[in-house]
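Architecture and fold: a report
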Amino acid sequence: GAEGSAVREADRGDVAESLSEPEISIWQLHERYLLAPIRGGLVIVDQHAAHERILYEEARANLYGGAGSSQALLFPRVIDLTPPEMDALLVLEPHLKRLGYEVSLFGERQVAIRGVPASIPETAAIDSLQAVLASVDSLGEGGEPPEEHIAKSFACHAAVRSGQLLSPVERRA
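Within any chain, residue numbers begin from 1 and follow the written order of that chain's sequence. Predicted model: local features are reported for residues with pLDDT of at least 70 only, side-chain atom pairs are reported and counted for 80 or more only, and whole-chain, interface and lining totals are derived from all residues. To get the side-chain values, all heavy atoms of the structure are used, and hydrogens and water are removed first.

Under the scheme used here, helices are H or I runs from DSSP no shorter than 4 residues and strands are E runs no shorter than 2 residues, and both carry numbers assigned from the N terminus. Across its full length, the chain holds six helices and six strands. Listing each helix as α and each strand as β along the chain from the N terminus yields α-β-β-β-α-β-α-β-β-α-α-α. For the chain, the proportion of its 173 residues judged to be buried stands at 36%. Contacts are residue-level and defined by heavy atoms, with any inter-residue pair within 4.5 Å sufficient. Of the contacts formed within the chain by residues at least 6 apart in sequence, a portion of 65% connects residues at least 24 apart. Accessibility throughout is a Shrake-Rupley quantity obtained with a 1.4 Å probe, and a residue counts as covered only by protein chains that appear here. For the chain, the exposed surface amounts to about 10,000 Å²; the carbon and sulfur share of it is 57%. A simple rule labels every residue: compare its accessible area, found with a 1.4 Å probe on the protein chains alone, to the largest value its type can have, and call it buried under 20%, exposed over 50%, or partly exposed in between.

See below:
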């Protein structure tokens, strides 16, 4: 009951406080898990699941409340879209802009990506955009708002993968 909840809340505070100390080492195991010592023991986190959750929360905040920061690309990336993807882009463009994407038409079936969400690398951002557009046929399933669908799809495809080696800075972030 309430006692178990208080313990979990205390553990959460202990984890947050311990991990905020810059001298705490965070290790990577099998290029899948992040391990960090805390006062109460050891925290083990799946790197993909953790990053996906962080990106999902950021995406929801941007889609529902404001706008994410965009990183302008030095050279715009031109990608080909199928007709259904192009239709999806036209419908979803205001939502994508709030995530940090800057996209413009570049011919009949091409778009120029001029800016991507600043929180993720360019390649992951472009792959995520294509995944969101490709998944538009499942948009609205089960009465889910488009913002929810976009946030989930974006976060899943933009998150670091299992098997991906992370630098110490990336692990801490």
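This paragraph deals with the pairing of strand 6 (residues 110-117). Looking down a regular strand, the side chains alternate between one sheet face and the other. In terms of burial, strand 6 is largely enclosed, as six of its eight residues are buried. Judged from the seven bridges that link them, strand 4 (residues 70-80) and strand 6 form a sheet pairing that is antiparallel. Considered in strand 6, the bridge of D80 is made with Q110. Both strand 5 (residues 102-105) and strand 6 contribute to a ladder of four bridges, which runs antiparallel. Across the sheet, residue V103 finds its bridge partner in strand 6, namely I113. In this analysis, strands are considered paired if DSSP registers two or more bridges between them. In this antiparallel pair of consecutive strands, strand 5 and strand 6, the connection spans four residues, and G107 shows a positive phi of 105°.

Further remarks concern the pattern of salt bridges. What counts as a salt bridge is simple: a side-chain nitrogen of Lys or Arg found within 4 Å of a carboxyl oxygen of Asp or Glu. Tallied over the full model, the rule gives five salt bridges. Across the pair D46 and R32 runs a salt bridge whose closest N-O atoms are separated by 3.5 Å. Taken together, the positions of D46 in strand 3 (residues 41-46) and R32 in the loop between strand 1 (27-29) and strand 2 (33-38) put the pair 14 residues apart, joining distant regions of the chain. A relative accessible area of 37% places R32 in the partly exposed class.

Multiply 1.5 Å by the residue count of a helix minus one, and that product is the helix's expected span. Taking 1.5 Å per residue as the helical rise, helix 4 (residues 122-134) with its 13 residues ought to reach 18 Å, and the 18 Å between its terminal C-alpha atoms agrees with that figure. Burial in helix 4 covers these residues: A124, A125, I126, S128, L129, A131, V132 and L133.

Turning our attention to the packing of aromatic side chains. The relation between two aromatic rings is expressed through the spacing of the ring centres and the mutual angle of the planes. Between 30 and 60 degrees the pair is tilted, below 30 it is stacked and above 60 it is edge-to-face, where a pair is any two Phe, Tyr or Trp rings, Trp via its six-membered ring, whose centres lie within 6.5 Å. Under the definition given, this model contains one aromatic pair. The interplanar angle of 90° and the centroid separation of 6.3 Å between the aromatic rings of Y101 and F154 together place this pair among those described as edge-to-face. Of this pair, Y101 sits in the loop between helix 3 (83-99) and strand 5 while F154 sits in helix 5 (residues 146-158); the two residues are 53 residues apart in sequence, bridging distant segments of the chain. Here the two residues Y101 and F154 agree in accessibility, since each one is buried.

For patch building, the residue pool is restricted to those with more than 30% relative accessible area and no salt bridge; the joining distance is 9 Å between like charges and 5 Å between nonpolar side chains (Val, Leu, Ile, Met, Phe, Trp, Tyr). On the surface, W27, L42 and I44 cluster together into a nonpolar patch covering about 340 Å² of accessible area. Tracing the backbone shows I44 in strand 3.

This part is about the sheet that holds strand 6. Judged by pairing direction, the sheet is antiparallel, and its three strands sit side by side in the order 4-6-5 without closing on themselves. In the strand order of this sheet, the two ends are held by strand 4 and strand 5, each with one partner. Each adjacent strand pair in this sheet contributes to an overall mean axis angle of 20°, direction not counted. Of the strands in this sheet, strand 4, strand 5 and strand 6 touch helix 3, which is tilted by about 20° from strand 6. Here an axis means a line fitted to C-alpha atoms, over the contact stretch when the element is a helix, while the angle between two N-to-C directions is reported on a 0 to 180 degree scale.

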